[in-house]
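This is what each chain is made of:
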Amino acid sequence: MEGNRRITKGREDLLAKIRDFTCSLVRNLSEGRSLAVFIDKFRNYCTNPDANCYCSSDLPKGQEILSVKRECNVRRIDVLLRVLLIVQQLLQENRHGSKRDIYYMHPSVFSDQSVVDQAINDICILLQCSRHNLNVVSVGNGLVMGWLRFLEAERKFDCMNFPSNVHPIPVHVDEVKDIVSVAKYILVVEKESVFQRLANDRFCNANRCIVITGRGYPDIPTRRFLRLLLEKLCLPIYCLVDCDPYGFDILTTYCFGSMQMAYDAKFLRVPEIRWLGAFPSDFEKYGLPQQCLLPLTAEDKRRTETMLLRCYLQREVPQWRLELESMLQRGVKFEIEALSVHSLSFLSEQYIPSKIQGGLHI
Amino acid sequence: MDISSSVSKFCFHLISSAFQRCRVSEHICRLSVVLKSSPASDPPIIRISISDTGIGSSLEEFQNLRCSWEGIGVEKWDGLLSATTTSSHSKDTSSIFSQNVAFELVAGCEDVPGSQYEKVFLANESNHLTFSTSSVECLKSGLEDYVLKHGHRLNHNCKSCFSTWGHLKVGSGTACSLESHKNSGSGLMMEVIRSYAPDLARSIAGLILSSNDSDFQKECFSLLGLQSREIGEETVEESIKEKIISVIDMNDRKSQRSKEVAVAPAPLLFEDNRCWNSKFQDEEYEGEDEF
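Computed from a predicted model, the values in this text were never measured in an experiment.

## A short note on the overall build of chain A
Item 1. Check the secondary structure of chain A and you find 15 helices and 13 strands.
Item 2. Across the 362 residues that make up chain A, the buried fraction comes to 60%.
Item 3. In chain A, once contacts between residues fewer than 6 apart in sequence are set aside, the share between residues at least 24 apart is 74%.
Item 4. Here chain A has roughly 14,200 Å² of accessible surface; of this, 50% comes from carbon and sulfur atoms.

## Structural notes on the UniProt feature "active site" (unreviewed entry) in chain A
All names here are of chain A.
Item 1. The feature "active site" (unreviewed entry), as given by UniProt, occupies Tyr 104 in the numbering adopted here.
Item 2. Here Tyr 104 shows up in the loop between α3 (99-103) and α4 (107-110).
Item 3. Look at Tyr 104 and you get exposed, because its relative accessible area is 52%.

## Concerning the environment of A:Arg202
Residue and element names in this part refer to chain A.
Item 1. Here Arg 202 lies in the loop between α6 (192-200) and α7 (203-206).
Item 2. Its relative accessible area of 49% is what places Arg 202 among the partly exposed residues.
Item 3. Separated by 56 residues in the primary sequence, Arg 202 and Gly 146 have C-alpha atoms spaced 9.7 Å apart.

## Some thoughts on the sheet that holds strand β7 (residues 176-181) of chain A
Residue and element names in this part refer to chain A.
Item 1. Spatial ordering of the open sheet is given by β5-β4-β7, a layout of 3 strands whose pairing is antiparallel. The sheet is open, and its two edges are formed by β5 (155-158) and β7, each paired on a single side. Neighbouring strand axes in the sheet, compared pairwise and without regard to direction, differ in orientation by 10° on average.
Item 2. With 4 bridges joining them, strand β4 (residues 148-152) and β7 adopt antiparallel strand pairing. Of the residues in β7, the one forming a bridge with Leu 151 is Lys 177.

## With respect to the packing of aromatic side chains
Residue and element names in this part refer to chain A.
Item 1. Counting across every chain of the model gives 14 aromatic pairs over all chains.
Item 2. Seen from their ring centres, Tyr 45 and Tyr 312 are 5.4 Å apart, and the 75° between their planes marks the pair as edge-to-face. Of this pair, Tyr 45 sits in the loop between β1 (36-40) and β2 (63-67) while Tyr 312 sits in helix α13 (residues 311-315); the two residues are 267 residues apart in sequence, bridging distant segments of the chain.
Item 3. Since its relative accessible area comes to 1%, Tyr 45 is described here as buried.
Item 4. With centroids separated by 6.1 Å and ring planes inclined at 75°, the aromatic side chains of Trp 275 and Trp 320 adopt a geometry described as edge-to-face. Here the residue Trp 275 occupies a position in strand β11 (residues 274-277), and Trp 320 occupies one in helix α14 (residues 318-330), the gap between them amounting to 45 residues. For the pair formed by Trp 275 and Trp 320, the shared burial category is buried.
Item 5. Ring pairs connect the aromatic residues Tyr 45, Phe 248, Phe 256, Trp 275, Phe 279, Tyr 312 and Trp 320, which therefore count as one cluster.
Item 6. Sitting over the face of the ring of Tyr 54, Arg 43 holds its NZ or CZ atom 6.0 Å from the ring centroid.

## Here's the deal with a nonpolar patch on the surface
All names here are of chain B.
Item 1. On the surface, Leu 35, Ile 46 and Ile 48 cluster together into a nonpolar patch covering about 250 Å² of accessible area.
Item 2. One can find Leu 35 in strand β1 (residues 29-38).
Item 3. In this structure Leu 35 comes out as partly exposed when scored by relative accessible area, which is 37%.

## A short note on the environment of B:Leu35
Item 1. Placed 12 residues apart in sequence, B:Leu35 and B:Arg47 show a C-alpha to C-alpha distance of 5.8 Å.
Item 2. Discounting residues that sit within four places of it in the chain, B:Leu35 has contacts with B:Arg47, B:Ile48, B:Val106, B:Ala107 and B:Gly108.

## A short note on the state of the cysteines
All names here are of chain A.
Item 1. Taken as a whole and assessed by the stated rule, the structure comprises 0 disulfides over all chains.
Item 2. Not part of a disulfide, Cys 209 finds its nearest cysteine sulfur in Cys 204, a span of 4.2 Å.
Item 3. Here Cys 209 falls in the buried class, since its relative accessible area comes to 0%.
Item 4. For Cys 311, which is in no disulfide, the shortest distance to another cysteine sulfur is to Cys 53 and amounts to 3.6 Å.
Item 5. Residue classification places Cys 311 among the buried positions, given a relative accessible area of 5%.

## Quick notes on the nonpolar core
Item 1. Judged by nonpolar contacts, the single largest core of 149 residues is most densely connected at A:Leu134, A:Leu187, A:Val211, A:Phe225, A:Trp320, A:Ile352 and B:Ile240.
Item 2. When sequence neighbours within four positions are dropped, the list of residues in contact with A:Leu134 reads A:Leu14, A:Val87, A:Leu90, A:Leu91, A:Ile120, A:Ile123, A:Cys124, A:Leu127 and A:Cys129.
Item 3. Counting residues in each nonpolar core, the second largest holds 8 residues, with B:Cys29, B:Leu31, B:Val101 and B:Phe103 among its members.

## Section: the packing of helix α1 (residues 11-30) of chain A against helix α5 (residues 197-209) of chain B
Between two packed helices, both the angle of their axes relative to each other and the distance between the axes serve to describe the pair.
Item 1. Relative orientation of the contacting elements α1(A) and α5(B) amounts to 130°, with a least axis distance of 10 Å. It follows that α1(A) is oblique to α5(B) by the angle criterion. Here the hand of the crossing between α1(A) and α5(B) comes out left-handed. Every residue of α5(B) that contacts α1(A) at A:Ile18, A:Thr22, A:Leu25, A:Val26 and A:Leu29 is listed here: B:Ile204, B:Leu207 and B:Ile208.
Item 2. Of the residues contributing to the contact of α1(A) with α5(B), the split by class is 7 nonpolar, 1 polar and no charged.

## Notes on α14(A)
Residue and element names in this part refer to chain A.
Item 1. In this model α14 runs 18 Å from its N-terminal to its C-terminal C-alpha over 13 residues, within 8% of the 18 Å that 1.5 Å per residue would give.
Item 2. Three or more residues of α14 are buried, namely Trp 320, Arg 321, Glu 323, Leu 324, Ser 326 and Met 327.
Item 3. On its buried face, α14 sits against α9 (245-256), β11, α12 (298-308), α13 and β13 (332-333).
Item 4. Downstream of α14 by a residue or two, Gly 331 has a phi angle that is positive, lying close to 75°.

## Thoughts on the sheet that holds β11(A)
Residue and element names in this part refer to chain A.
Item 1. The 6 strands lie next to each other as β6-β3-β9-β8-β10-β11, forming an open sheet whose pairing is mixed. The open sheet has two edge strands with one neighbour each: β6 (167-168) and β11.
Item 2. In terms of strand pairing, strand β8 (residues 185-189) meets strand β10 (residues 237-240) through 4 bridges, oriented parallel. Bridged to Ile 186 within β10 is Ile 237.
Item 3. Helix α8 (residues 220-233) rests against β3 (143-146), β8, β9 (209-213) and β10 of the sheet, and its axis sits at about 160° to β9.

## Some thoughts on the pairing of β5(A)
Residue and element names in this part refer to chain A.
Item 1. Here β4 pairs with β5 via 4 bridges, running antiparallel. Directly across from Phe 150, in β5, lies its bridge partner Phe 157.
Item 2. Here β4 hands over to β5 after 2 residues, with Ala 153 in that stretch at a positive phi of 45°.

Calculation criteria
- Residues numbered from 1 in each chain as written.
- Chains lettered and ligands numbered in written order.
- Predicted model: local features only at pLDDT ≥ 70, side-chain atom pairs only at ≥ 80, totals over all residues.
- Heavy atoms only, no water.
- Helix = DSSP H or I, 4+ residues; strand = E, 2+ residues; numbered from the N terminus.
- Buried < 20%, exposed > 50% of the residue type's maximum accessible area, 1.4 Å probe, protein only.
- Contact = heavy atoms within 4.5 Å.
- Areas by Shrake-Rupley, 256 points an atom, 1.4 Å probe, with all protein chains shown as cover.
- UniProt positions renumbered as here; feature names shortened; annotations may be inferred.
- Pairing = 2+ DSSP bridges.
- Axes fitted to C-alpha atoms, helices over the stretch in contact; angles between N-to-C directions.
- Phe/Tyr/Trp six-rings, centres within 6.5 Å; stacked < 30°, edge-to-face > 60°.
- Lys NZ or Arg CZ within 6 Å of the ring centre and 35° of its normal.
- Patch = residues over 30% accessible without salt bridge, like charges linked within 9 Å, V, L, I, M, F, W, Y side chains within 5 Å.
- Salt bridge = Lys/Arg side-chain N within 4 Å of Asp/Glu carboxyl O.
- Disulfide = S-S within 2.5 Å.
- Core = buried A, V, L, I, M, F, W, Y, C linked by side-chain atoms within 4.5 Å.
- Parallel < 35°, antiparallel > 145°, perpendicular 65-115°, else oblique.
- Left-handed = near helix turned anticlockwise from the far one by under 90°.
- Nonpolar A, V, L, I, M, F, W, Y, C, P; charged D, E, K, R; others polar.
- Expected span 1.5 Å × (residues − 1).

Right, dumping it as structure tokens:
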């Protein structure tokens, strides 16, 4: 987990970096040079058909220069400095705040949450750290169950005795320690409804595993927690998503990270994740009825075509690309719940175990 | 302006907004214009309804409406405009030139059953574009279409197309104004930038003064040329603000000078800086914004 960007994870290190940054601004101003902020640019994929992109490297791809010459830049610098001031205070007092809290400190200036989010990302890039290092945290959204035990800041999460009990994924992933597990694999499911289905069917009692859900798009704590489990337990990770463009996008977020958080992708992605299902071909294979199939909307098709252009699909996961193309060609989608059409427990008792045992994942 | 022309202008605006909403929508849409008269009522009423099944409307469309009602007596016109929308503004403009709008014209008299006259027809578009046509092709086709309709009258503001460009804005990025590179209207731009100086100064002063490292503070004060007896929040802020303004003015002088030398300003590489780190290339379904 250690890398160049982790050198500055300590609060004192970050405060020193903030002071250096402020000092350099003051020095430039005093010497009559322009006020400028240099921000590295990151991306985790491009849609350039040329095979020579270097998106797989975690290096910055260019740099943005914000200066007082342009009004939109000045506005961004203003927001960045305001947020930086708040962050300095949080770090000095060792308090935590959410992105929303920060927004409400100057709502008329910030005008929108996304403005604050961008400033926070810019600061992370400038200070070469992750968002949680700034003491900016968020409410967690993920859930976990299964054969797992760990401590989070003195609180014990012991799911070993009751593997089908559901717990929220801890938000302060830094403070998770003493991870112990007898699971054979980790299963990540897209939706809470599927997660609850598995909980109701007592899937973890019958199968030695850990089940996680991000409840849709995985948030930062969920992704970090998954990464932590991978590093500590070295288990295979399987992902179960709906057979639609949305599900596929969630899968790629777990695997490659999101563009928004591209600067921190190294610590948020799990490239080892395997796509368990549902594939377009599962429809025939498991004899799903016609009425479970929904047509792809024009928006779905547009998204799918755009996703197909992502460079990492060609380079890293060509088999995923084939399945996505197949989805587009067929022009239909279906949800995981369609697999329950034969029997409610088909998913827990047949589909998932047989796929895992049969190695039917890509 | 008499009643009929201002009303027709107003209706025209509503119809063209509705047509745009339909064109932008990816589905086949219906645009209905319904005229219902009830001469028996007192005062007699004609109700004009313009409705569409295109994308949802936004407030901006109605904010730009400037209707001059001076020529109309209050007792003749109740002027009630009711607008309802059922969905939010779509961000998709790639299908703006597709052939998907059906018009329905209805006129009738409420009190007389069977007096309704209806006509339905498709919008006549000569191009055949699909959703997978690239944006460049769509844009090219749309431009060709425009030129064919309007000849080469570049300065003519065509009322039959878009009366205001305002509601073609999509997304929420901050577009960068290019005025500072065009002409002497850059004075206004500089004013705007200068107006940020107090806030910038306050933030930088805050970073210095709220720091718990006194050596750092001393270093900053000495860089600013402040003596220890002068140090108070306001003096620090003022000092920084002056320096920021002088830097802004220096930039302004440089760009003026470069104009005088007739050097073309460097092409702007990053039009909308905001978009790079977030929502790059294809939009994500939900960014990290939720969390």
